[in-house]
Amino acid sequence: QVHLVESGGGLVQAGDSLRLSCAASERTFRTYTMGWFRQAPGKEREFVAAVNLSGDSTFYADSVKGRFTISRDNAKNTVYLQMNSLKPEDTAVYYCATRANMRVATTSTAYDYWGQGTQVTVSS
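Residues numbered from 1 in each chain as written. Predicted model: local features only at pLDDT ≥ 70, side-chain atom pairs only at ≥ 80, totals over all residues. Heavy atoms only, no water.

S.K.: Hey, could you run me through empty space enclosed by the protein in this one?
M.R.: Applying the stated criterion to the full structure yields one cavity of 30 Å³ or more. A volume near 30 Å³ is recorded for the largest cavity. Around the largest cavity, the lining residues are Ala-24, Glu-26, Arg-27, Thr-31, Met-34, Arg-72, Asn-74 and Asn-77. Class assignment for the residues of the lining of the largest cavity results in two nonpolar, three polar and three charged. (1 Å grid on protein atoms, 1.4 Å probe; cavity = no way out; pocket = protein on both sides within 12 Å on 5 of 7 lines; lining within 4 Å. Points joined across faces, edges and corners; volume = space filled by probe spheres on them. Nonpolar A, V, L, I, M, F, W, Y, C, P; charged D, E, K, R; others polar.)

In structure tokens:
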């Protein structure tokens, strides 16, 4: 069982930045791929970004490309999501997830372990 703990959410204004962190309890095959998803009220959970084990392959949803950056520090078992130029439509609960597979995936069903989520609210 991998435990994931997100932090860094909060209330910001449009145009501001936030950095989310997700600390994993272990670094094993279970955390080969790490990703971020988000879920706004009344909406389905959606993919935001993912990174492979070495950190040299990243994927982003079109809605965040150019504004968000995912990275990982394997020495700290932590993945980050740097969010710049935030918009009100970025408001959601953000979840960290891990996948025991070397191939990066963008669907939530492909991920094995999930954090409890952290709220990001962007006011206009």
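S.K.: Before we go on, may I ask you to explain the nonpolar core in this structure?
M.R.: The tendency in soluble globular proteins is for nonpolar side chains to be buried side by side. Grouped together as the largest cluster of nonpolar side chains are 35 residues, with contacts concentrated most on Trp-36, Leu-81, Met-83 and Tyr-94. For this core, the elements supplying multiple residues, two or more each, are β3 (18-24), β4 (33-39), β5 (46-51), β7 (68-73), β8 (78-83), β9 (92-99) and β11 (118-123). By residue number, the principal contributor to this core is β5, which donates five residues. Setting aside chain neighbours within four positions, we find Tyr-94 in contact with Glu-6, Leu-20, Trp-36, Phe-37, Arg-38, Val-48, Phe-68, Leu-81, Met-83, Gly-117, Thr-118 and Val-120. (Core = buried A, V, L, I, M, F, W, Y, C linked by side-chain atoms within 4.5 Å. Buried < 20%, exposed > 50% of the residue type's maximum accessible area, 1.4 Å probe, protein only. Helix = DSSP H or I, 4+ residues; strand = E, 2+ residues; numbered from the N terminus. Contact = heavy atoms within 4.5 Å.)

S.K.: When you look at unusual backbone geometry in this model, what are you seeing that I'm missing?
M.R.: One can expect most non-glycine residues to show negative phi and most peptide bonds to be in trans. Phi is positive for Asn-77, close to 50°, though the residue is something other than glycine. With a phi close to 50°, Ser-85 is a non-glycine residue in the positive phi region. As for its placement among the helices and strands, Ser-85 is situated in the loop between β8 and β9.

S.K.: I'm lost on the packing of aromatic side chains in this one. Help?
M.R.: How two aromatic rings sit relative to each other is given by the distance of their centres and the angle of their planes. A complete count under the given rule lists four aromatic pairs for this structure. Aromatic side chains Phe-37 and Tyr-111 sit 5.2 Å apart centroid to centroid with 75° between the ring planes, which places their arrangement in the edge-to-face category. You can see Phe-37 sitting in strand β4 and its partner Tyr-111 sitting in the loop between β9 and β10 (113-114), a full 74 residues away along the chain. Comparing Phe-37 with Tyr-111, the two get one shared label, buried. Sitting over the face of the ring of Tyr-95, Arg-45 holds its NZ or CZ atom 3.8 Å from the ring centroid. Here the guanidinium or amino end of Arg-45 rests over the ring plane of Trp-114, the centre of that ring lying 4.8 Å away. (Phe/Tyr/Trp six-rings, centres within 6.5 Å; stacked < 30°, edge-to-face > 60°. Lys NZ or Arg CZ within 6 Å of the ring centre and 35° of its normal.)

S.K.: Mind showing me how you'd approach the pattern of salt bridges here?
M.R.: Any two side chains of opposite charge can pair if their charged atoms end up close together. Going through the model one piece at a time under the given rule, you end up with four salt bridges. Of the charged contacts in the structure, one is a salt bridge between Arg-38 and Glu-46, with a shortest N-O distance of 2.6 Å. A relative accessible area of 5% means that Arg-38 is categorised as buried. One salt bridge connects Lys-65 with Asp-62, and the closest N-O pair in it is separated by 3.2 Å. Relative accessible area serves as the criterion here: at 66%, Asp-62 is assigned to the exposed category. Each of Arg-38, Glu-46, Arg-67 and Asp-90 takes part in a single network of salt bridges with overlapping partners. (Salt bridge = Lys/Arg side-chain N within 4 Å of Asp/Glu carboxyl O.)

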